[in-house]
Amino acid sequence: MRFIYLAVLVVSFLAAYVYTFDSKLAMLGDNASYYILGKALSEGEGYTDINRIDHKSNNHYPPGYPAIISVVLLFGKSIISVKILNGIFLITGLWLLFELVNKITENEPFAFVVAFLALINSHMLWYSSIMMSEIPFFCFSILSIWAFVKADHEKLSWKDPYLIISIIAMIISYYIRSLGVALLGGYVLYFILQKRWKPGLAFFIAFVAGALPWFIRSQKLGGGSYMKHLAMINPYQPELGAADFGDFVDRFINNFSRYITFEIPSAIFPVKQPEYGTAYSAGDWLLGLFIVILFFYGIFSLPKYRWLIIGYILGTLAILMIWPDVWIGVRFIVPVVPVFILGFLYGLYNGVLQLRKLLSFNKAVSPYWLLLLAVLYVKPVNAIHDQAKIPYSPGWRNYFEIAKWVDRNLEEDVVVSCGKPSLFYLYADTYTRRYKFAQDPKELIEDLEKHKIDYVVIDQVYGNTLRYLLPAVRQYPERFEQVYHLRNPDTFLLKFKR
């Protein structure tokens, strides 16, 4: 049956992936930054922002995913190729998920159901066709856990190839996303509860040794930017200052409420999109608590390795609870969506098994009935299919048209200041830089002078352009000259007179 399950998963993946594949750039910014860093590595420029005139060493994004992209770019500069690679990571991770769940539950049909529902989850499909690190992280984190459960736990030995794969995959996961440290939390909790101190310490030391080079580099460059963002009230409005204890308490409450009522339910069943900015209803709380309680019941009911899974999930959620609460969305838990599906489904399945015993019902219960939940996945999958076929919004269309105009008409190596510099660079192929988030227009102008900006873009896609850049242009109109203008909506390229 295993090969039949594999065949069904592969065929289903190909059908779903082709159906939902989006060739457009996602309007995120991070995806373009990953591509730029991968391009820098592939061209021998080091881990630098080659879209900046100073080629500044990057200290924000972990280097794992850009390193993966750099390998693809050695064979061509196609963005589509990078997107397809993410699809390969998805199907690989799903097969490892099947093997992992089968190992834990010793129930092949149930393992197939989990993998299949994870496959048609719209969040997993959408992130598998954009240049983001969530799906590669999912693949390597599942590889780490799968290899760990395959290892010989009677005599854990450094000669065991599965143990070595588990540790290496854990470290790679960390280099892809810093949330990979939660994997270490899962392993350490597992060993502590088994009172196996030496293996737990060995995993900890191996992780620290693997992560140390990136940590040392970050410290030499002034410290990791994520930690700096965590210390701010709002990373997008630095003028608000640093967060104090009360801010962290508010942040925890806000994040906890949002994840319970909106994001975890939406991650498992993407039927209802979160309505941010609205009050949480009693129905939202009841549904969210039901799903979360059933998830933890399912994980606690697993025959084996429950504490490893619990430690991984609790570690992930603990980090996300102190995340700046302006960073919202299912995105941050996408890599663990299949684990949430596993726990929720096993909670349902085991609940039915316990009810069968209670009612003295002797007939075997197949897990295939859980596939009925696939009905809830159809509409969200259709939605991302429709989204993939829609062209760029007028604002983004004009933004990229301005960038293409810059590439065709301006001299090489001009410096353009804009709201989304990494996305602009992919089409303009010239130096870009974000303007300073300064409330005082004079301070913003001085920053443009300091960094020798040649042009600025007034766009209709980034709110901070209207908050910071546009007031400076209006207060100092003599410093700017219109070079190019697109309508519907109005988008301007202005020359900055230094």
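Residues numbered from 1 in each chain as written. Predicted model: local features only at pLDDT ≥ 70, side-chain atom pairs only at ≥ 80, totals over all residues. Heavy atoms only, no water.

## With respect to the pairing of strand β4 (residues 480-486)
Okay, so step 1: As paired strands, β4 and strand β5 (residues 491-496) are joined by six bridges and run antiparallel to one another. Counted as the bridge partner of Gln 482 is Leu 494 from β5.
Okay, so step 2: Counted along the chain from β4 to the antiparallel partner β5, the turn is four residues long, and its residue Asn 488 has a positive phi close to 55 degrees. (Pairing = 2+ DSSP bridges. Helix = DSSP H or I, 4+ residues; strand = E, 2+ residues; numbered from the N terminus.)

## Concerning the sheet that holds β5
Okay, so step 1: Taken in spatial order, the five strands make up an open sheet running β2-β1-β3-β5-β4, and their pairing is mixed. Edge positions in the open sheet fall to β2 (431-433) and β4, since each of these has one partner strand only. Going from strand to strand, the sheet's axes swing by 25 degrees on average, the running direction of each strand aside.
Okay, so step 2: On the sheet, helix α18 (residues 421-428) packs against β1 (415-417), β2 and β3 (455-458) and is oriented at approximately 165 degrees with respect to β2.
Okay, so step 3: Along the sheet, helix α19 (residues 441-450) makes contact with β1, β3, β4 and β5, crossing β5 at roughly 65 degrees. (Axes fitted to C-alpha atoms, helices over the stretch in contact; angles between N-to-C directions. Contact = heavy atoms within 4.5 Å.)

## Notes on the nonpolar core
Within soluble globular proteins, side chains that are nonpolar tend to cluster in buried spots.
Okay, so step 1: Core analysis: the largest hydrophobic core is formed by 144 residues, its most contacted members being Leu 117, Leu 345 and Phe 424.
Okay, so step 2: The element that contributes the greatest number of residues to this core is helix α4 (residues 79-105), accounting for 12 residues.
Okay, so step 3: Excluding residues that lie within four positions of it along the chain, Leu 117 makes contacts with Ile 341, Leu 345, Leu 370, Leu 373, Ala 374 and Tyr 377.
Okay, so step 4: Residues Leu 470, Ala 472, Val 473 and Tyr 476 belong to the second largest nonpolar core, which totals 21 residues. (Core = buried A, V, L, I, M, F, W, Y, C linked by side-chain atoms within 4.5 Å. Buried < 20%, exposed > 50% of the residue type's maximum accessible area, 1.4 Å probe, protein only.)

## Things to note about the side chain of Asp 49
Okay, so step 1: One can find Asp 49 in the loop between α2 (30-42) and α3 (64-73).
Okay, so step 2: It turns out Asp 49 is buried and unbridged, and the closest side chain with the opposite charge, Arg 52, is 4.8 Å from it.
Okay, so step 3: A distance of 2.9 Å separates a polar atom in the side chain of Asp 49 from a polar atom in the side chain of Asn 58.
Okay, so step 4: In contact with Asp 49, other than residues within four places in its own chain, are Leu 37, His 55, Lys 56 and Asn 58. (Lys, Arg positive; Asp, Glu negative; His and termini not counted. Salt bridge = Lys/Arg side-chain N within 4 Å of Asp/Glu carboxyl O. Polar contact = N/O pair within 3.5 Å; in protein donor to acceptor, adjacent residues only side chain to side chain.)

## Re the environment of Glu 412
Okay, so step 1: By secondary structure assignment, the location of Glu 412 is in the loop between α17 (394-409) and β1.
Okay, so step 2: Placed 405 residues apart in sequence, Glu 412 and Ala 7 show a C-alpha to C-alpha distance of 51 Å.

## Section: empty space enclosed by the protein
Okay, so step 1: Applying the stated criterion across every chain yields a total of one cavity of 30 Å³ or more.
Okay, so step 2: Estimates place the volume of the largest cavity at around 50 Å³.
Okay, so step 3: Around the largest cavity, the lining residues are Phe 137, Leu 179, Tyr 312, Thr 316, Phe 332, Ile 333, Pro 335 and Val 336. (1 Å grid on protein atoms, 1.4 Å probe; cavity = no way out; pocket = protein on both sides within 12 Å on 5 of 7 lines; lining within 4 Å. Points joined across faces, edges and corners; volume = space filled by probe spheres on them.)

## Let's talk about a nonpolar patch on the surface
Okay, so step 1: Together, Leu 201, Phe 204, Ile 205, Val 208, Leu 212, Phe 215 and Ile 216 give the surface a local cluster of nonpolar side chains, amounting to about 630 Å² of exposed area.
Okay, so step 2: Position of Phe 204 among the secondary structure elements: in helix α10 (residues 197-220).
Okay, so step 3: Relative accessible area serves as the criterion here: at 41%, Phe 204 is assigned to the partly exposed category. (Patch = residues over 30% accessible without salt bridge, like charges linked within 9 Å, V, L, I, M, F, W, Y side chains within 5 Å. Areas by Shrake-Rupley, 256 points an atom, 1.4 Å probe, with all protein chains shown as cover.)

## Comments concerning the pattern of salt bridges
Okay, so step 1: Per the counting criterion, the structure on display carries 14 salt bridges.
Okay, so step 2: One salt-bridge network, in which partners are shared between bridges, spans Asp 30, Glu 134, Arg 177 and Arg 331.

## A closer look at helix α9 (residues 181-193)
Okay, so step 1: Spanning 13 residues, α9 covers 19 Å between terminal C-alpha atoms, matching the ideal 18 Å at 1.5 Å per step.
Okay, so step 2: Those residues of α9 lying buried are Ala 182, Leu 183, Leu 184, Gly 186, Tyr 187, Tyr 190 and Phe 191.
Okay, so step 3: Close packing links the buried residues of α9 with α7 (134-150), α8 (161-176), α10 and α14 (306-321).
Okay, so step 4: One or two residues past the end of α9 sits Lys 195, with phi positive at roughly 55 degrees. (Expected span 1.5 Å × (residues − 1).)

## Some remarks on the packing of α3 against α4
Okay, so step 1: α4 packs onto α3 with a crossing angle of 120 degrees between their chain directions and a minimal axis gap of 10 Å. By the angle between their directions, the pair α3 and α4 is classed as oblique. Between α3 and α4 lies a crossing of right-handed hand. In contact with Tyr 65, Ile 68, Ile 69, Val 72 and Leu 73 of α3, α4 contributes Ser 81, Val 82, Leu 85, Asn 86 and Phe 89.
Okay, so step 2: Across the contact of α3 with α4, the residue classes tally to eight nonpolar, two polar and no charged. (Parallel < 35°, antiparallel > 145°, perpendicular 65-115°, else oblique. Left-handed = near helix turned anticlockwise from the far one by under 90°. Nonpolar A, V, L, I, M, F, W, Y, C, P; charged D, E, K, R; others polar.)

## Some remarks on the environment of Ala 26
Okay, so step 1: Inspection of the secondary structure assignment puts Ala 26 in the loop between α1 (2-20) and α2.
Okay, so step 2: For the pair Ala 26 and Met 131, spaced 105 residues apart in the sequence, the C-alpha separation amounts to 8.0 Å.
Okay, so step 3: Other than its neighbours up to four places away in sequence, Ala 26 contacts Asn 31, Trp 126, Ile 130 and Leu 423.

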